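Structural characterization, general
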Amino acid sequence: QLQLVESGGGSVQAGGSLRLSCALSGDTYSRICIGWFRQAPGNAREGVAAIYRADGTTSYADSVQGRFAISQDAAKNTVYLQIHSLKPEDTAMYYCAARITSYCYPFRNYGTWGRGTQVAVSS
């Protein structure tokens, strides 16, 4: 069974950068999408980026285009989310999730989730 564990969150000042990691273990079958989602207190969970593991195709939400970059190290079974120019509104719990599909957008119906890593951006 596929398991996902997020790491790399923390507290950072606005304008800074973070790289979040999603470590995959168990069934690491490559023909899946890995998405990054975030949820701020009181808000719904929203997808921000995803990658198709088999070929590295990426998708992004319009709201983060240009600041977020998703990538993977297939040998390490790890998916990354690099965030630049962090804003206070980026403060949220960030989750990675998986679904069995070759097209990763829209960011819905992801069924296997990690526990999340907290990102806090101060102004």
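In this report, the structure presented in the accompanying data block is examined. The structure displayed is predicted, hence computed values, not measured ones.

Turning to the pattern of salt bridges, a few remarks are in order. With the rule as written, the count across this model stands at three salt bridges. Here Asp90 makes a salt bridge to Arg38, at a shortest N to O gap of 2.8 Å. With Asp90 in the loop between strand E8 (78–83) and strand E9 (92–99) and Arg38 in strand E4 (residues 33–39), this residue pair connects regions lying 52 residues apart in the sequence. Exposure class is identical for Asp90 and Arg38. Each is buried. If you follow the salt bridges from partner to partner, you end up with Arg38, Glu46, Arg67 and Asp90 in one network.

The subject of this paragraph is the sheet that holds strand E1 (residues 3–7). The strands that make up a sheet are held in pairs by hydrogen bonds between backbone atoms, and each pair lies either parallel or antiparallel. Read from one edge of the open sheet, four strands run E1-E3-E8-E7, paired in antiparallel fashion. At either end of the open sheet lies a strand with only one pairing partner, and these are E1 and strand E7 (68–73). Taking each pair of neighbouring strands and ignoring which way they run, the sheet shows an average axis angle of 20°. Summarising the sheet, E1 and strand E3 (residues 18–25) pair through five bridges and their orientation is antiparallel. Counted as the bridge partner of Glu6 is Cys22 from E3.

A few words on the side chain of Arg38. On the basis of relative accessible area, Arg38 is assigned to the buried category, the value being 8%. Looking at Arg38, its side chain comes within polar contact range of the side chain of Tyr94, at 3.1 Å. Apart from the residues within four sequence positions on either side, Arg38 is in contact with Ala44, Arg45, Glu46, Val48, Ser63, Val64, Phe68, Glu89, Asp90, Ala92, Met93 and Tyr94.

Nonpolar side chains tend to gather and get buried jointly when the protein is soluble and globular. Judged by nonpolar contacts, the single largest core of 37 residues is most densely connected at Ile34, Trp36, Leu81 and Tyr94. Contributions of two or more residues to this core are made by E3, E4, strand E5 (46–52), E7, E8, E9 and strand E11 (117–122). Leave out the neighbours within four places in its chain, and Tyr94 touches Glu6, Leu20, Trp36, Phe37, Arg38, Phe68, Leu81, Ile83, Gly116, Thr117 and Val119.

If you trace the backbone, Gly116 turns up in the loop between strand E10 (112–113) and E11. Residue classification places Gly116 among the partly exposed positions, given a relative accessible area of 21%. Separated by 51 residues in sequence, Gly116 and Gln65 have C-alpha atoms that sit 22 Å apart. In this structure Gly116 touches Glu6, Met93, Tyr94 and Tyr95, once residues within four positions along its chain are discounted.

By the definition in use, this model includes four aromatic pairs. Centre to centre, the rings of Phe37 and Trp113 are 4.7 Å apart; their planes meet at 55°, and the pair counts as tilted. Linking Phe37 in strand E4 with Trp113 in strand E10, this pair joins segments that are 76 residues apart in sequence. Among the residues examined, Trp113 registers a relative accessible area of 30% and is labelled partly exposed. A centroid spacing of 5.1 Å and a plane angle of 85° characterise the contact between Tyr105 and Phe107, whose relative ring orientation is edge-to-face. A cation sits over an aromatic face here: Arg45 above Trp113, 4.4 Å from the ring centre.

Cut-offs used in this document
Residues numbered from 1 in each chain as written. Predicted model: local features only at pLDDT ≥ 70, side-chain atom pairs only at ≥ 80, totals over all residues. Heavy atoms only, no water. Salt bridge = Lys/Arg side-chain N within 4 Å of Asp/Glu carboxyl O. Helix = DSSP H or I, 4+ residues; strand = E, 2+ residues; numbered from the N terminus. Buried < 20%, exposed > 50% of the residue type's maximum accessible area, 1.4 Å probe, protein only. Pairing = 2+ DSSP bridges. Axes fitted to C-alpha atoms, helices over the stretch in contact; angles between N-to-C directions. Polar contact = N/O pair within 3.5 Å; in protein donor to acceptor, adjacent residues only side chain to side chain. Contact = heavy atoms within 4.5 Å. Core = buried A, V, L, I, M, F, W, Y, C linked by side-chain atoms within 4.5 Å. Phe/Tyr/Trp six-rings, centres within 6.5 Å; stacked < 30°, edge-to-face > 60°. Lys NZ or Arg CZ within 6 Å of the ring centre and 35° of its normal.

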